[in-house]
Amino acid sequence: MQDLIVKNSPLFIDTMAQKLHGGGKKLADRFNEFLQSKRENPLQPFGKSDKPFKGGGLIQGSIPNETLIHAHLTHDISVVYSITGKDPRVLKLYGVFTHDEMGTGQPDNRKRQKQFGDRLSSIHI
């Protein structure tokens, strides 16, 4: 097991609280599984949905020098994060969002993706 530093953005704290409001035990359990998985092996994907946003897309380039990754915690809720550094690795948690909030639902909403990317670009962890 490698050393892993976990950093929460204020947006992560707010969005997680919103999603947990009213009884989000399943979400809390899945997030704890995600966190444990990353503590054991930060680079190992958490299920098959754990992957970077599309390169050259409206979201991926929103934070310079960061590869933004999203992993499903439930069918419609994903955690957005990045992993930087080597020893120790740093897990930066940006937020917990629905596909609709990110603009990645069906169909894609490019205007919402741009707004989401702009929102992320203002975060400094």
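Residues numbered from 1 in each chain as written. Predicted model: local features only at pLDDT ≥ 70, side-chain atom pairs only at ≥ 80, totals over all residues. Heavy atoms only, no water.

Enquirer: Help me out: how do you make sense of the packing of aromatic side chains in this one?
Expert: What describes a pair of aromatic rings is the distance from one ring centre to the other and the angle between the planes of the rings. With the rule as written, the count across this model stands at 5 aromatic pairs. With a centroid separation of 5.5 Å and 85 degrees between ring planes, the pair formed by Phe 34 and Phe 46 is classed as edge-to-face. In this pair, Phe 34 is assigned in helix 2 (residues 25-40) and Phe 46 in the loop between helix 2 and strand 2 (51-52), connecting sequence segments 12 residues apart. In this structure, Phe 34 and Phe 46 share a single accessibility class: buried. Each member of the aromatic cluster is reached from another via a ring pair, and the members are Phe 12, Phe 31, Phe 34, Phe 46 and Tyr 81. (Phe/Tyr/Trp six-rings, centres within 6.5 Å; stacked < 30°, edge-to-face > 60°. Helix = DSSP H or I, 4+ residues; strand = E, 2+ residues; numbered from the N terminus. Buried < 20%, exposed > 50% of the residue type's maximum accessible area, 1.4 Å probe, protein only.)

Enquirer: Looking at this structure, how should I read the sheet that holds strand 1 (residues 4-8)?
Expert: By way of backbone hydrogen bonds, the strands of a sheet pair with one another, either parallel or antiparallel. An order of 1-5-4-3-2 is seen for the 5 strands of this open sheet, with the pairing classed as mixed. In the strand order of this sheet, the two ends are held by strand 1 and strand 2, each with one partner. In the sheet, strand 3 (residues 69-72) pairs with strand 4 (residues 77-84) via 4 bridges, with the strands oriented antiparallel. Bridge assignment links Ala 71 to a residue of strand 4, and that residue is Val 79. Across the sheet, helix 2 lies against strand 1, strand 3, strand 4 and strand 5 (89-98), angled at about 20 degrees from strand 4, the strand it touches most. (Pairing = 2+ DSSP bridges. Contact = heavy atoms within 4.5 Å. Axes fitted to C-alpha atoms, helices over the stretch in contact; angles between N-to-C directions.)

Enquirer: Looking at this structure, I do not really get unusual backbone geometry. What am I missing?
Expert: Glycine aside, residues mostly have negative phi, and peptide bonds are mostly found in the trans state. Cis geometry is found at the peptide bond from Asp 87 to Pro 88, where omega equals 15 degrees. By the element assignment, Pro 88 lies in the loop between strand 4 and strand 5. Look at the link from Gln 106 to Pro 107: it is a cis peptide, with omega at -5 degrees. Within the element layout of this structure, Pro 107 appears in the loop between helix 3 (99-102) and helix 4 (110-121).

Enquirer: Just checking my understanding: could you explain the side chain of His 99 for this structure?
Expert: In this fold, His 99 is placed in helix 3. Look at His 99 and you get buried, because its relative accessible area is 17%. In terms of polar contacts, His 99 uses its side chain to reach the side chain of Asp 76, at 2.7 Å. Sequence-distant contacts of His 99, that is, excluding residues within four places in its chain, are made with His 72, His 75, Asp 76, Ser 78, Thr 104 and Gly 105. (Polar contact = N/O pair within 3.5 Å; in protein donor to acceptor, adjacent residues only side chain to side chain.)

Enquirer: What is the right way to read the pattern of salt bridges from this model?
Expert: It is possible for side chains bearing opposite charge to pair when their charged atoms get close. Summed over all chains, the structure comprises 7 salt bridges. For Asp 29, the salt bridge is made with Lys 25, and the minimal N-O distance between the two is 3.0 Å. Pair noted here: Asp 29 and Lys 25 are both in helix 2, with a separation of 4 residues, about one helical turn. According to the relative accessible area criterion, Asp 29 is partly exposed, its value standing at 33%. Owing to a relative accessible area of 59%, Lys 25 belongs among the exposed residues under this scheme. A salt bridge links Glu 33 to Arg 30, with the nearest nitrogen and oxygen atoms 3.0 Å apart. Taken together, the residues span about one helical turn, with Glu 33 and Arg 30 both in helix 2 at a distance of 3 residues. (Salt bridge = Lys/Arg side-chain N within 4 Å of Asp/Glu carboxyl O.)

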